[in-house]
Amino acid sequence: MDSTATSWITPPARPELIENLVSGVDRYNPNNVSILEDYLYHQIRNEEYDCLANLAILKLYQFNPELYNPDVVINILIKALTAAPSPDFNLCVALLDERPINAPLEEPDPLPALLPVLRNLHDHLFRCRFPAFWDIYRSDELEALRDNYTVEVVGFDNAVREVVVRAVKAAFTRISTARLGSYLALSGDDLSGYVAKLGWTIDSVTSVVDVPPNPDNQIEATVVQESIKLPQLAKVISHSALKA
């Protein structure tokens, strides 16, 4: 199992209490939902992410409709957005399909209106349509999403930029600053500073960013060798001769 899969299953920052809940039957105990919800808000404040713990919350909501909290669900989906292109967002949405329509709420449920918006944002990230993502996310129509939710998610913009960086590292060895800037929604000194933090370099003459080599952006020729033994070759020749 590679390090990425290992950190997804067991994030290094996951507390022992949460590890015990997620790894055992206690994750189905509705009395533990408040612990998991508090842990979600810990993730939001500290730029951490634990998909399995958040999925456990959604599963508890499925089993116990009276526990359903739409704000918690929306925050889970927002955190999952920045895991693209991993399937985290779709995993979370899949657990909403059976969500009770008439769960008791004191206020109108904001999720039905926001879910298509979040799906659209996820689609743009997943398809690497980064400039379009920023245009939509920063539009007037999504002001409520920003003011009520993502403003509370510490480092949300930079988490999205990490999605961009993963895609760029996999697809480019060189990329213009204009193109990279449109992907990151950065320009000028902000872009130069961000690139420097990545350890990438900008050619001052061509304004092209050099992306360091990695296993994903290097093209390597593959040599396929086949070994045919003499008896096998003799059978092929004799079979061809019979057909002739």
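Note: the structure precedes this text.
Below is a short write-up of the structure. (Residues numbered from 1 in each chain as written. Predicted model: local features only at pLDDT ≥ 70, side-chain atom pairs only at ≥ 80, totals over all residues. Heavy atoms only, no water.)

Points about the overall build of the chain
Okay, so step 1: When you go through the chain residue by residue, the secondary structure sums to 13 helices and 3 strands.
Okay, so step 2: Within the chain, the proportion of its 244 residues that are buried is 38%.
Okay, so step 3: Taking as baseline every contact in the chain between residues at least 6 positions apart, the subset at least 24 positions apart corresponds to 63%. (Helix = DSSP H or I, 4+ residues; strand = E, 2+ residues; numbered from the N terminus. Buried < 20%, exposed > 50% of the residue type's maximum accessible area, 1.4 Å probe, protein only. Contact = heavy atoms within 4.5 Å.)

With respect to the environment of R179
Okay, so step 1: With respect to the helices, strands and loops of the structure, R179 is situated in helix α11 (residues 177-184).
Okay, so step 2: With a relative accessible area of 42%, R179 lands in the partly exposed category.
Okay, so step 3: Placed 29 residues apart in sequence, R179 and V208 show a C-alpha to C-alpha distance of 9.4 Å.

Examining helix α10 (residues 156-171)
Okay, so step 1: Between its first and last C-alpha, α10 extends 23 Å over 16 residues, near the 22 Å set by a 1.5 Å rise per residue.
Okay, so step 2: Among all positions in α10, only F156, A159, V160, R161, V163, V164, V165 and V168 are buried.
Okay, so step 3: Where the residues of α10 are buried, they touch α5 (70-81), α7 (111-126), α8 (130-137), β1 (174-176), α11 and α12 (188-198). (Expected span 1.5 Å × (residues − 1).)

Considering the environment of E47
Okay, so step 1: Mapped onto the secondary structure, E47 falls in the loop between α3 (33-46) and α4 (51-63).
Okay, so step 2: Along the primary structure E47 and G155 are separated by 108 residues, whereas in three dimensions their C-alpha atoms are 6.3 Å apart.

Observations regarding α12
Okay, so step 1: For α12, the set of buried residues is L191, Y194 and V195. End-on, the buried residues of α12 take up no more than an arc of 100 degrees, which puts them together on one face. Seen from the open side of α12, the exposed residues pointing more than 90 degrees away from its buried face are D189, A196 and K197.
Okay, so step 2: The inward-facing, buried residues of α12 contact α10, α11, β2 (201-203) and β3 (208-210).
Okay, so step 3: Positive phi appears at G199, one or two residues downstream of α12, with a value of about 85 degrees. (Arc of directions from axis to C-beta.)

This is a description of form; function is not addressed.
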